[in-house]
Amino acid sequence: GLGLSYKKDDNFGEWYSEVVVNGEMIEYYDISGCYILRPWAMSIWEIMQTFFDAEIKKMKIRNCYFPLFVSPGVLQKEKDHIEGFAPEVAWVTKSGESDLEVPIAIRPTSETVMYPYFSKWIRGHRDLPLRLNQWCNVVRWEFSNPTPFIRSREFLWQEGHTAFATKEEADIEVIDILELYRHIYEEFLAVPVIKGKKSEHEKFAGGLYTTTVEAFIPNTGRGIQGATSHCLGQNFAKMFEINFENDKGEKAMVWQNSWAYTTRTIGVMIMVHGDDKGLVLPPKIASVQVIVIPVPYKDANTQGIFDACAATVKTLNESGIRAEVDSRDNYSPGWKYSHWELKGVPLRIEIGPKDFANNQVRAVRRDNSAKIDIPMANLVEQVNDLLNNIQKSLFEVAKQKRDACIQVVNTWEEFAEALSQKKMIMAPWCDEEEVEKDVKARTKGEMGAAKSLCSPFDQPELPEVPGSPAVAWGYMNIPS
Ligand SMILES: O=C1CCCN[C@@H]1CCCn1cnc2cc(F)c(Cl)cc2c1=O
Ligand SMILES: [Mg+2]
């Protein structure tokens, strides 16, 4: 039957796999860690891409496309940049029957692909800022548990790579891009995130500092990195000799940033909003915001009902609302209700004989199942209000659930207790690498070691504790 066989709060992993497949977002593939993105998922990616692409174009960032393949010499140019990542690199070793002279890597990220050309293109200060972005796939042959959207061996992302004459310009862009990532999560996906700075231990080793938007999955009690915006400092400029003659005629190295969000965004949205009836899509990213379903009744005016459905869809579409009618005659209305609930369509509109006779429609919200009768006369206005309310309500509910999982602690005992309760912990933080490693070691329980998520930008008052090394509050919990 249509119903899910797993409950979200009983068996989260199985529930998630079933929801993404039965909701027609994902099809499993015969290569482990690889998934088919079906149109119901791809349309969400495209809606976010349309927003983000327009925003970066306003910032004079240009799209480009670099090759998928990386020559080994270039990839291994920076030892400590990739040393931890080497096992993840996928290599092409043959073409047809014959071995390649030299194996070629498939890009896991494009710093080493792009930066030799940044060095070639950037000569004088007039060549700066250089700001490029590419929408592409990357491959990382991960071994830990593959999960659709969240962790896969190939995923879609955008990667921005920018170069500036001054650190000040780079610092500003890092924050501007991070705000776009917050916008994607909070305004489109209705998922609350915490903006912050990664610790020295968790940051991108090749960079100067990493900023992040951290999401939280109440069902697992774990934080999850939502997107990252790094300032690379001059590390890659040194490595790839990306210099320019500044306006004083001196030779200087550029200051760089790199930033990315990925198809993981979709998985986070599903995990946060989904329920035991299936997906729950925030209207802003739903390719179908309203599904109209005719409810004919034996001798009632069936043609009239179908015409009313078509007219309703037309009126909604003309006002910019993404509406469709499900007029298939081989499925019952009841079957259709379950089907579109499974797919997470935010609003259902039913038109039966009574509705038709009263020149009204019955609207049913996907998020809380509320039923609202709407006179045809103010259909557009009330449907718009409902969609806006659903969007806001999904965010508020998610924020309330996340805030309920945050525990402020001041002692190790409180910390350990909160960790065992799958909380996201806000603790005084010294940001010393050694201390962080020690915490990781001391918490290596069956739940997995604690790791720091970020030090949030908006910091509450830090208690004055004499002798405390704490410099800020930090969020941490067990890794996803
Ligand atoms: O996160 C971003 C934003 C967009 C551009 N890249 C950076 C850093 C990526 C880190 N990272 C992440 N994963 C990697 C995996 C690898 F196999 C290799 Cl060789 C390198 C890396 C690696 O550098
Ligand atoms: Mg990784």
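Residues numbered from 1 in each chain as written. Chains lettered and ligands numbered in written order. Predicted model: local features only at pLDDT ≥ 70, side-chain atom pairs only at ≥ 80, totals over all residues. Heavy atoms only, no water.

1. Concerning helix α13 (residues 412-420)
Here is the rule: A 1.4 Å probe rolled over the protein chains alone gives each residue an accessible area, and that area as a share of the maximum for its type sets the label: buried under 20%, exposed over 50%, partly exposed in between. The way it works is that DSSP assigns letters per residue, a run of H or I at least four long becomes a helix, a run of E at least two long becomes a strand, and they are numbered from the N terminus. Note: the arc covers the axis-to-C-beta directions of the helix.
Every buried residue of α13 is listed here: F415, A418 and L419. Angularly, the buried residues of α13 cover 100° about the axis, an arc narrow enough to put them on a single face. Downstream of α13 by a residue or two, K422 has a phi angle that is positive, lying close to 55°.

2. Some words on helix α10 (residues 333-342)
Note the cut-off: Only heavy atoms enter the contact rule, under which two residues are in contact if any of them lie within 4.5 Å.
Buried within α10 we find K336, Y337, H339, W340, E341 and L342. On the buried face of α10, the contacting elements are α1 (12-22), α2 (39-58), β15 (290-294) and β17 (347-351). Downstream of α10 by one or two residues, G344 has phi in the positive range, about 80°.

3. Details of the pairing of strand β18 (residues 360-365)
Spelled out, the test is: For two strands to be treated as a pair, DSSP must find at least two bridges joining them.
Here β18 lies mainly inside the structure; five of its six residues are buried. Of the pairings in the sheet, the one linking β17 to β18 comprises four bridges and is antiparallel in character. Following the sheet pairing, R348 is matched in β18 by V364. In this sheet, strand β19 (residues 371-375) lies alongside β18 in antiparallel orientation, the contact comprising five bridges. Among the inter-strand pairings, V361 is bridged to a residue of β19, identified as I374. Hairpin geometry of β18 and β19 is characterised by an intervening segment of five residues between the two adjacent antiparallel strands and by a positive phi of about 65° at S369.

4. A word on the pattern of salt bridges
We count it as follows: For salt bridges, the criterion is a side-chain nitrogen of Lys or Arg within 4 Å of an Asp or Glu carboxyl oxygen.
Taken as a whole and assessed by the stated rule, the structure comprises 26 salt bridges. Among the salt bridges present, the one from D171 reaches K167, with a minimum N-O distance of 2.8 Å. Residue D171 and its partner K167 are both found in helix α6 (residues 167-188); the two are separated by four residues, about one turn of the helix.

5. Points about the packing of α2 against helix α8 (residues 264-273)
Put simply, the rule is: To define axes, lines are fitted to C-alpha atoms, for helices over the stretch in contact only, and angles between the resulting N-to-C directions are given on a 0 to 180 degree scale. Roughly parallel means an angle under 35 degrees; roughly antiparallel means over 145; roughly perpendicular covers 65 to 115; every other angle is labelled oblique. Crossing handedness is defined as follows: a turn of the near helix away from the far one that is anticlockwise and smaller than a right angle gives a left-handed crossing, while the clockwise case is right-handed. Each residue is assigned to one of three groups, with Ala, Val, Leu, Ile, Met, Phe, Trp, Tyr, Cys and Pro labelled nonpolar, Asp, Glu, Lys and Arg labelled charged, and all others, Gly among them, labelled polar.
Where α2 contacts α8, the axes come no closer than 10 Å and their chain directions differ by 110°. Classed by the angle they form, the pair α2 and α8 counts as roughly perpendicular. Where α2 crosses over α8, the two elements pack in a sense that is right-handed. Contacts from A41, I44, W45 and M48 of α2 reach α8 at T265, I266 and M269. Within the contact of α2 with α8, the residues separate by chemical class into six nonpolar, one polar and no charged.

6. Quick word on the sheet that holds β18
Taken together, the five strands give an open sheet; going across it, the order is β16-β15-β17-β18-β19, and neighbouring strands pair in mixed fashion. The open sheet has two edge strands, β16 (323-325) and β19, and neither has a second partner. When the angles between neighbouring strand axes are averaged without regard to direction, this sheet yields 25°. Packed onto the sheet, helix α9 (residues 302-318) meets β15, β16, β17 and β18 and runs at close to 170° relative to β15. Contacts from helix α12 (residues 379-404) reach β15, β17, β18 and β19 within the one sheet, and its direction differs from that of β19 by about 155°.

7. Comments concerning a nonpolar patch on the surface
We count it as follows: Put simply, a patch holds well-exposed residues, over 30% relative accessible area, that have no salt bridge, with like charges counted together within 9 Å and Val, Leu, Ile, Met, Phe, Trp or Tyr side chains within 5 Å. Using a 1.4 Å probe, accessible areas were evaluated by the Shrake-Rupley method; residue-level cover was limited to the displayed protein chains.
Residues Y29, I31, I36, W141 and F143 make up a contiguous nonpolar surface patch of roughly 490 Å² in combined accessible area. Checked against the element boundaries, I36 lands in strand β2 (residues 35-37). On the basis of relative accessible area, I36 is assigned to the partly exposed category, the value being 35%.

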